[in-house]
Amino acid sequence: MNDLDAMIDTPTLAALWSCAPRVCRIAAAPVRKGHLDPEHTALVVVDMQKDFCDPDGEYAKTRDVSAVQKIIPVIRALVDDARRNDVLVLYFSQFTPHNDRADNGASLAFKTRDGKKASYALEGSVGQEYIDALPLAYADVVVPKLRSNGFHDTWMEKILHANAITHLVVTGTQTEGCVLGTMMGAEQNGFTVIPVADGMETSVANVQQPALWLIDHRFKLWNAQDVMAAWQRVEQ
């Protein structure tokens, strides 16, 4: 018997455990080919914001964003179909606080490594807004984030557990950056990741195909049509 056992008897310990707060978690399972349960699946859209996607956005000043624009119809189709099937839709929204209050030397160096300004998606700016082609619906959830991993210091995990979500269909930009970082965060937090190959892109030259190769070897790529077929509700 250790000191704690001597101090607290078994009935007392049992009473304490019965009062302890618990988070309801449903274990994520491997994807059964051709089926995604709408009740436990969420569509995640990463950073499809004006500064990252629009021709007059901040990224377009130093990069070619035309490839990112090409995935917009695919993501819109997924969003519309998710809503029809009662699949939860979550949008990550990258932002930079005014005066770079959230960035130290390391994060500033990372943000400006390729010549762009560090203050993209400035808090409250037009650039932080989601693109016009992806209007938000009342039931959608927006999760603000400061870093590439959407699970880092955000309430994403709490929202997913509160809605009994186990599987995440992931789309957005940048493939090798915030999309990959968020997928890694999801996997490390116990969620099953379904990356959509034709629903993610990057504005960084010569990176998309190597990034997709890595994602496919880690998570296995899907395409949008297969996702939409897989989460169709079965009428009882």
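Read on for a plain summary of the structure. (Residues numbered from 1 in each chain as written. Predicted model: local features only at pLDDT ≥ 70, side-chain atom pairs only at ≥ 80, totals over all residues. Heavy atoms only, no water.)

Here we look at helix α5 (residues 72-84)
Thinking step 1. When the terminal C-alpha atoms of α5 are compared, their 18 Å separation across 13 residues agrees well with the 18 Å that a helix rising 1.5 Å per residue should span.
Thinking step 2. Within the span of α5, buried status applies to Ile 72, Ile 75, Leu 78, Val 79, Asp 81 and Ala 82.
Thinking step 3. Tucked inside the fold, the buried residues of α5 contact β1 (41-46), α4 (66-70), β2 (88-94), β4 (167-173), β5 (192-201) and α10 (224-230). (Helix = DSSP H or I, 4+ residues; strand = E, 2+ residues; numbered from the N terminus. Expected span 1.5 Å × (residues − 1). Buried < 20%, exposed > 50% of the residue type's maximum accessible area, 1.4 Å probe, protein only. Contact = heavy atoms within 4.5 Å.)

Focus: the side chain of Thr 175
Thinking step 1. Following the sequence through the fold, Thr 175 ends up in helix α8 (residues 175-188).
Thinking step 2. For Thr 175, a relative accessible area of 0% gives the class buried.
Thinking step 3. Engagement of the side chain of Thr 175 in a polar contact is seen with the side chain of Gln 208, the distance being 2.7 Å.
Thinking step 4. Excluding anything up to four places from it in sequence, Thr 175 contacts Leu 180, Met 200, Glu 201, Thr 202, Gln 208, Ala 211, Leu 212 and Ile 215. (Polar contact = N/O pair within 3.5 Å; in protein donor to acceptor, adjacent residues only side chain to side chain.)

A look at the packing of α8 against helix α9 (residues 208-219)
Thinking step 1. At their nearest, the axes of α8 and α9 sit 11 Å apart, and the two run at 10 degrees to each other. One element, α8, and the other, α9, form an angle in the roughly parallel class. Every residue of α9 that contacts α8 at Thr 175, Glu 176, Leu 180, Met 183, Met 184 and Glu 187 is listed here: Gln 208, Ala 211, Leu 212, Leu 214, Ile 215, Arg 218 and Phe 219. (Axes fitted to C-alpha atoms, helices over the stretch in contact; angles between N-to-C directions. Parallel < 35°, antiparallel > 145°, perpendicular 65-115°, else oblique.)

Section: unusual backbone geometry
Among all residues save glycine, negative phi is the norm, and among peptide bonds the norm is trans.
Thinking step 1. Here Thr 173 and Gln 174 are connected by a cis peptide whose omega angle stands at -5 degrees.
Thinking step 2. If you trace the backbone, Gln 174 turns up in the loop between β4 and α8.
Thinking step 3. A positive phi angle, near 55 degrees, is found at Asp 153, a position not held by glycine.
Thinking step 4. The phi dihedral of Ala 164 falls on the positive side, at around 60 degrees, and the residue is not glycine.
Thinking step 5. Structurally, the position occupied by Ala 164 is in the loop between α7 (156-162) and β4.
Thinking step 6. A residue is classified by how much of its surface remains accessible, and Ala 164, at 23% relative accessible area, is partly exposed.

Brief notes about the pairing of β5
Thinking step 1. Counting buried positions over the ten residues of β5 gives eight, a clear majority of the element.
Thinking step 2. Bridge analysis of β4 against β5 gives six bridges, and the strand direction is parallel. Within β5, the residue paired with Gly 172 across the bridge is Met 200.
Thinking step 3. Following the chain from β4 across α8 to the adjacent parallel β5, one finds a crossover that is right-handed. (Pairing = 2+ DSSP bridges. Right-handed = clockwise from strand over helix to strand, strands pointing away.)

Describing the packing of aromatic side chains
Thinking step 1. Summed over the entire model, instances satisfying the criterion amount to three aromatic pairs.
Thinking step 2. Relative to Tyr 59, the ring of Phe 52 lies with its centre 4.8 Å away and its plane at 65 degrees, an arrangement referred to as edge-to-face.
Thinking step 3. According to the relative accessible area criterion, Phe 52 is buried, its value standing at 3%.
Thinking step 4. Judged by its relative accessible area of 6%, Tyr 59 is buried.
Thinking step 5. Pairing Tyr 91 with Tyr 130 gives two aromatic rings, centres 4.8 Å apart and planes at 80 degrees, and the pair type is edge-to-face. Here Tyr 91 is found in strand β2, whereas its partner Tyr 130 is found in the loop between α6 (105-111) and β3 (141-145), with 39 residues between them in sequence. As far as burial versus exposure is concerned, Tyr 91 and Tyr 130 are alike and both buried.
Thinking step 6. The ring of Tyr 59 carries Arg 63 above its face, with NZ or CZ at 4.3 Å from the centroid. (Phe/Tyr/Trp six-rings, centres within 6.5 Å; stacked < 30°, edge-to-face > 60°. Lys NZ or Arg CZ within 6 Å of the ring centre and 35° of its normal.)

Taken by themselves, the reported measurements are silent on function.
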